[in-house]
Structures are given as structure tokens and as C-alpha cells.
Amino acid sequence: VSTVCVLYTQGIANREWREFGRTEVIDNTLNPDFVRKFILDYFFEERQNLRFDLYDLDCKSDNLSKHDFLGQAFCTLGEIVGSLGSRLEKPLIGRTEHGIPGKKCGTIIVRAEELSNCRVRFCGNKLDKKDFFGKSDPFLVFYRSNEDGSYTICHKTEVVKNTLDPVWQAFKIPVRALCNGDYDRSIKVEVYDWDRDGGHDFIGEFSTSYREMSRSQSQFHIYEVNFFTHTHTLVLSYLQGFIIFSTQINFTVAIDFTASNGNPSQPTSLHYMSPYQLNDYAMALRAVGEIIQDYDSDKMFPALGFGAKLPPDGRVSHEFALNGNPQNPYCNGIEGVMEAYYQSLKSVRLYGPTHFSPVINHVARYASAVTDGSQYFILLIISDGVITDMAQTKESIVNAASLPMSIIIVGVGPAEFDEMIELDGDEERISSQGRYAERDIVQFVPFRDYIDRRGNHILSMARLAKEVLAEIPDQFLSYMRTRGIKPGPLPPPYTPCPPPAIHPLLARRVSRI
């Protein structure tokens, strides 16, 4: 066979698949390991659907319909990034003659690698003296190794005049430029003594890799610079930057069941369960949840309600499990949350008042137990109006601001949302009893501002998700930085599994996190 992998991306508005790129063709193997990478912009707050199609090429034509279809796999970019080690395995599914998905016909392995900037600083010690009068004027030249074994220059430092112990300025360089996304690819560094006439004297060289340099984070790393019988030293003093998004995201939903939403059996209700379309609560839940779930490994989400009378005794609760199990409020995936929401509408009685603080404190209890950066908690509150425990809610938010936690509030319906805007904290940092929140952890949006006027609910949901999730990466990073938490180590080098395995390497450029 002569195998090629074709990547397709999907538009948000029209949902059309467009070809993004193709790998190289690999001949005579059922287990191709593709080298060519796809470079994509990654946005945490968007659902970026991907499709991988595999073909066996029968001729030189670029028309894929002239070749044999081997199978395809679907995923999101968030799924890949959120997988352990940013490595995702998916079954390849074939098609029948009528285009209907058929049986499994192999496996595809996709890996995401961050191509953000890295920050590097070198200094030298006892370099060779090259100038007759004075010492040396050293500078560094960095080379990236190519697939054919040759080298391409990718960076040159400034010249440090008249010293054998230079300290070069720190510089930023894209990881893609340094090693083309391959952490183990050789990087050659040459050291020269600058001469005015351009005939720079070679002092020495050494080789390293991005992975090796990354291990030097927060510590010194010494390289020997070799030139014939002379040995000198260069010290990599630091390399900074978040490399891998290795924190587990825990997503919790809290839904307003107060009577102001209207009778769920009536079409005027915000909780009305139409057989033809989702209500605003369901759309907000699905819009945010389908993106967040890509970063939650077990896909089990606590789903809570507040402001309802519960069976059998009619007691009012501001923190009840939608699935009816207070000991285990977890639902299986967003579909499980949706099902529990619909079942609750049939079993509870909408009542009131509207209290936010109990559900905030519920999530905060879990967040306070894991503050080492290994987990981060996101609470989605969907509500229709006035908050009746504003003072307690402010206090809960101020307390939660010191925890690994963010709060998203989506307002549904036509009401005024003055209190929710105040909680957002964009204009003024929220405070309670003279204490100010350590950081801004609340993002509020009214859903009505993002509804597509032509009735395209998919576009409405995409707009909402993009807005409410846009601040999460910065909130996440602000917690990590204020606590001095460093990103996790780089994953080990990838070792191909025993056949069958198909491995197109997917590279990513991080834009927000």
C-alpha cells in the first residue's frame, strides 16, 4: 500500500469539512509513521472538530476519489490536547458502498505538541582567547537539524565584547523554529569570536536538544564547547514557558430551578422541553460542557440544582443532585447531565429563592483539598435573574478566589442581570466585609447577546462558549503563577506501539494556554 493521511477541519457556522493538509505518502507498510506535521491554532474556548481520512494511493492523481479509502476518525483538537501526554488513539472506521460507517479497520494515533515560544539564556566560562590585543568578542549561532541530516540556522545572539566569560541576553524563539516540534531533534550551537571584517574565528561547538534544555528549567545546565584539544563551558541558565497543559479539569454544573423560570410544561417557560429544539438552559449547558469535557479524563460531571422543592416531602433545596443521588451526583458525560436535567424537571417543583452561595461552596470544598496545581475546578451556573443571597455569594467568591477554581455564570431569559454583572468583577474587584478577591475568577454573560438572529442554534452555542470560556486560561495561569507552580515535565519520547498503528504527528501552536 501507499498510504496518505488527509486532515479536515470543520467550520463553526456551516459545519462544512474543508481539507487542511496531507501528510507525505509512505509506501509498502501497514503501519506508516508519518513525519509531516499539521500546524493548527489552538483555542481553549472553541470546539475545533477534526477528521482524519486515510487513503491507499493507486496513481499520481490528487483527486482522492480515484484512490482507495482505508478509514477515518473524528475527534476535537481539545480531545488531543486533553489526553494523557497529549496523545490520543482512535479507531479507524471504514465505509460501505453506500457511504455508511462500517467496521473498524485499524487505529490512528495523534499527538499534539506545543509550538509556543521558549525563553533561553546562555553564559560562557573561560572561552578561548582569539584576539591578539584583548580577549574575545563571542556570539552564538543556533542550527536546527533537518530531515536529511543538514542544518539550518535559526538564531544568532548578540556579540558580547572583550570577554572570555560572556553573558548573553535572554531571547525568545518559537519551538517550531528551534526543532520543528520534535523535542529530541538535534540542535547544534556554534561559538564564534566576532571580527570586524566578517572573518569570524570559530571557538567551538556543542549539540543539545529541546528536551535536554527543558530539563534545565529552574537550574543550571553545563555544556562543553569542543574545539580540537580545547574544552570550554557554556551554561544554560534558564528556559521558561508552560510546555504541557497537564492539569485535570473538573467541571460542575449548577442549574436554577426557581419558579421565576415559568412552568416547564408551558412553551413560555425557560425550562420548556420542546421536542424540536433545545431550551436556553440546555443550549448553554451543551455549549460549554462539550468543550470542557475534552479536558476531563473520566467524563463524569457533578450536576446540581438549586431553588426547587424536592420529593417526597417538598423541602426546599439550594444544592441537590440532578440525578437524585446526593452521595454520588456524577453524570456520565454531557449527555448524562442533559438526561438528569430533563428528569429533574419532571420530579421537582420549581420554587425559590435564588441562592448561589451553596453551590459555590460545594465546589470550593473540593477545590480546597487539591491546591498543588494538579487539578482545576470550573463551576457553570445557569440562572434566569435576581440573586437573593448576594452578600453570601460575594463572600463565597472572595474565599474561592484563592483556590484553583473559576466560575462561569450564564444568564438566560429577558431579566436584568445587574447583580451578576457586579459579580463578574471586570469593572471593580469583588469584595466582602472589607476583603477583596485575590483574583478575578467570575465570568458572566447574558445568553441573549449571543443568540443568532437567523435561528442558527449551533452558531449561538459556539458564540456563547467562546465568550464564557475566553477568560479561563488566564484565570488558570494566574492561579499557577501566584502559587509558584511550574508546568509538568515533558512527556517521554514517543515509542510506537506494536502494529497495527498509524501515527500522523499533529503539532499545535498555543494561542491562549
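All figures in this text were calculated on a predicted structure; none of them were measured in a lab.

## Notes on the packing of helix H4 (residues 280-292) against helix H9 (residues 457-469)
Here H4 crosses H9 at 60 degrees, and the two axes come no closer than 9 Å. If you check the angle between H4 and H9, you find them oblique. Crossing of H4 over H9 shows right-handed handedness. Here H4 contributes Met 283, Ala 284, Arg 286, Ala 287, Val 288, Ile 291 and Ile 292 to the contact with H9, which in turn contributes His 457, Met 461, Leu 464, Ala 465, Val 468 and Leu 469. Residue classes in the contact of H4 with H9 are distributed as 11 nonpolar, one polar and one charged.

## Observations regarding the sheet that holds strand E23 (residues 349-350)
Taking strand neighbours across the sheet as the criterion, the three strands line up as E20-E19-E23 in an open arrangement whose pairing is antiparallel. A single partner strand is all that each edge strand has here, and the edge strands are strand E20 (315-317) and E23. Pairing analysis gives two bridges linking strand E19 (residues 308-310) to E23, with the strands arranged antiparallel. In the strand pairing of E23, Lys 309 is matched with Arg 349.

## Details of the packing of aromatic side chains
Scanning the entire structure with this criterion turns up 15 aromatic pairs. Consider the rings of Tyr 341 and Tyr 342, whose centres lie 5.2 Å apart with planes at 40 degrees: the pair is tilted. The exposure class assigned to Tyr 341 is buried, which follows from its relative accessible area of 0%. Of the residues examined, Tyr 342 reaches a relative accessible area of 24% and is grouped as partly exposed. Aromatic rings pair up to connect Phe 122, Phe 142, Phe 171 and Phe 206 into one cluster. When the ring centre of Tyr 143 is taken as reference, the NZ or CZ atom of Lys 188 above it lies at 5.3 Å. Looking at Lys 309, its charged tip hangs above the ring of Tyr 351, at a distance of 4.2 Å from the centre.

## Some thoughts on the confidence of the model for the chain
Looking at the chain, the pLDDT average stands at 83 and 86% of residues meet or exceed 70. In this model, residues 236-245 is a region of pLDDT below 50 whose contacts with residues beyond four sequence positions or in other chains number 48 contacts.

## Let's talk about the pattern of salt bridges
Using the criterion set out here, one finds 13 salt bridges in the structure. One salt bridge in this structure joins Lys 188 and Glu 190, with 3.6 Å as the shortest N-O distance. Assessed through its relative accessible area of 16%, Lys 188 is described here as buried. Linking Glu 422 and Lys 394 is a salt bridge whose minimum nitrogen-to-oxygen distance equals 2.4 Å. Linking Glu 422 in helix H8 (residues 418-424) with Lys 394 in helix H7 (residues 390-400), this pair joins segments that are 28 residues apart in sequence. Overlapping salt bridges bring together Arg 286, Glu 290 and Glu 335 as one network.

Reading guide: rules and limits
- Residues numbered from 1 in each chain as written.
- Predicted model: local features only at pLDDT ≥ 70, side-chain atom pairs only at ≥ 80, totals over all residues.
- Heavy atoms only, no water.
- Axes fitted to C-alpha atoms, helices over the stretch in contact; angles between N-to-C directions.
- Helix = DSSP H or I, 4+ residues; strand = E, 2+ residues; numbered from the N terminus.
- Parallel < 35°, antiparallel > 145°, perpendicular 65-115°, else oblique.
- Left-handed = near helix turned anticlockwise from the far one by under 90°.
- Contact = heavy atoms within 4.5 Å.
- Nonpolar A, V, L, I, M, F, W, Y, C, P; charged D, E, K, R; others polar.
- Pairing = 2+ DSSP bridges.
- Phe/Tyr/Trp six-rings, centres within 6.5 Å; stacked < 30°, edge-to-face > 60°.
- Buried < 20%, exposed > 50% of the residue type's maximum accessible area, 1.4 Å probe, protein only.
- Lys NZ or Arg CZ within 6 Å of the ring centre and 35° of its normal.
- pLDDT = per-residue confidence, 0-100.
- Salt bridge = Lys/Arg side-chain N within 4 Å of Asp/Glu carboxyl O.

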